[in-house]
Amino acid sequence: MNSKKTLLILAGGLGSRYKGLKQVDGILDNGSPILEYSIYDALQSGFSKVVIIVNTLIPQSYIERLNTISEAKGFELHWIYQEMDSIPIHNFDYSERQKPWGTGHAVLCAKDVIQEPFIMINADDFYGKEVYELAAEGFVPYISETQFGMAAYPVNTTLSGNGTVARGICTLDADQNLISVEEQTSIQRVHDSIIYTENGENIEIAPDTLVSMNFFIFHPEIFNSLETYFNDFIQLKPAPTQEFYIPSAIQRMIDEKKAKVMVKASPSQWMGVTYADDKKIIKDFLASEIQKNRYPTDLWK
């Protein structure tokens, strides 16, 4: 197995609640979006290859910016466009389809350039420095065709003060392997409680409940299952906006006993940008991290 450590970044989403291309929206005056902090942290932890899944709206100027950085810093960089026909589907009518097929499809788009264990993350989530060290030392050496990993975060550290958030609530077995991830789309803090609404009823969850923030460590064997599951998804004639999600594919692998997913709580602070108003919070956070000398003022100088 290739010993190279790879970071796969999903940057193909359209961020409807953010009202813009948050994947490449610079946070501080240095112009670096969140994904560059993720790359910086991964490089510091021994990763040397970066694969970014993007949509066609990503400006060429940004691609050129990161290409220049990768050449100067000596890491391998691959850009992959996620388009509706990235994975050819025989005899499929694309005329009603409005956008690509979601995160499971996005990961599958990378199958020709990744032959080693890899971390998968979202472009617009800040996962924190220590979680990449955890991945490099606590996960990657143990990843196999049947053993994956996930760093999860306490739900109370992943909320937004500007509206509800969608999170995958994790259920674990006694060995800290994932049993299920239950997606809830309306999680919020109300007074001193954290609740979500289901069938008109408010359900409270404990602040330390672990949730998935899409920080997974995979073996390349996952591509074979994704290919099979994506074909099955297409056979069901999905609606024009229906998506093929990575958590659903992982759940099916767990249910079919194809893989276990070892879960560890992240030692890092998560920060994210769901709404445009969240940007100020992460801006202040990164400024304070720079003050503490945890990041240079300019990541790439």
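Shown above is the structure to which this text applies.
Residues numbered from 1 in each chain as written. Predicted model: local features only at pLDDT ≥ 70, side-chain atom pairs only at ≥ 80, totals over all residues. Heavy atoms only, no water.

Draft legend 1. How the structure looks around helix α4 (residues 129-139). The element α4 is extensively covered by neighbouring structure, given that 8 of its 11 residues are classed as buried. Within the sequence span of α4, burial applies to K129, V131, Y132, L134, A135, A136, G138 and F139. Among the structural elements, β1 (6-11), α1 (34-44), β4 (118-122), β6 (147-154), β11 (210-218) and β12 (260-265) are those in contact with the buried residues of α4. (Buried < 20%, exposed > 50% of the residue type's maximum accessible area, 1.4 Å probe, protein only. Helix = DSSP H or I, 4+ residues; strand = E, 2+ residues; numbered from the N terminus. Contact = heavy atoms within 4.5 Å.)

Draft legend 2. Fine view of the nonpolar core. Ranked by internal contacts, the top residues of the largest apolar core, which has 62 residues, are I39, I52 and F215. In contact with F215, other than residues within four places in its own chain, are I119, M120, I121, Y127, V131, Y132, A135, G149, M150 and A151. Among the nonpolar cores identified, the runner-up in size contains 38 residues, and I80, I114, Y229 and F230 belong to it. (Core = buried A, V, L, I, M, F, W, Y, C linked by side-chain atoms within 4.5 Å.)

Draft legend 3. Structural detail: the packing of aromatic side chains. Counted by the stated rule, this structure contains 19 aromatic pairs. Relative to F218, the ring of F216 lies with its centre 5.3 Å away and its plane at 10 degrees, an arrangement referred to as stacked. Using a relative accessible area of 1% as the deciding quantity, one classes F216 as buried. Each ring, one from F230 and one from F244, has its centre 5.5 Å from the other, and the planes form 50 degrees; the classification is tilted. Separated by 14 residues along the polypeptide, F230 in helix α5 (residues 222-235) and F244 in the loop between α5 and α6 (246-255) bring together distant segments of the chain. Exposure class is identical for F230 and F244. Each is buried. By the ring-pair criterion, three or more aromatic residues cluster together here, those being Y37, Y40, F75, F126, F285, Y295 and W300. Here the basic side chain of K129 rests over the ring of Y295, its NZ or CZ set 4.0 Å away from the ring centre. For K264, the ring lying beneath its charged end belongs to F139, and the centroid distance is 5.3 Å. (Phe/Tyr/Trp six-rings, centres within 6.5 Å; stacked < 30°, edge-to-face > 60°. Lys NZ or Arg CZ within 6 Å of the ring centre and 35° of its normal.)

Draft legend 4. Structural context of unusual backbone geometry. Positive phi, close to 60 degrees, is recorded for H191, a residue that is not glycine. On the secondary structure map, H191 appears in the loop between β8 (178-190) and β9 (193-198). Residue H191 is classed as exposed on the basis of its relative accessible area, which comes to 74%. The phi dihedral of K237 falls on the positive side, at around 55 degrees, and the residue is not glycine. Considering the arrangement of structural elements, one finds K237 in the loop between α5 and α6. Here K237 falls in the exposed class, since its relative accessible area comes to 69%.

Draft legend 5. Structural context of the packing of α1 against helix α2 (residues 60-73). Between α1 and α2, the shortest axis-to-axis distance is 13 Å and the interhelical angle comes to 15 degrees. Classified by the interaxial angle, the pair formed by α1 and α2 is roughly parallel. Of the two possible hands of crossing, α1 and α2 adopt the one that is right-handed. For the pair α1 and α2, contact is made by L35, E36 and I39 and by Y62, R65, L66 and I69, respectively. A breakdown of the residues in the contact of α1 with α2 according to their chemical character gives 5 nonpolar, no polar and 2 charged. (Axes fitted to C-alpha atoms, helices over the stretch in contact; angles between N-to-C directions. Parallel < 35°, antiparallel > 145°, perpendicular 65-115°, else oblique. Left-handed = near helix turned anticlockwise from the far one by under 90°. Nonpolar A, V, L, I, M, F, W, Y, C, P; charged D, E, K, R; others polar.)

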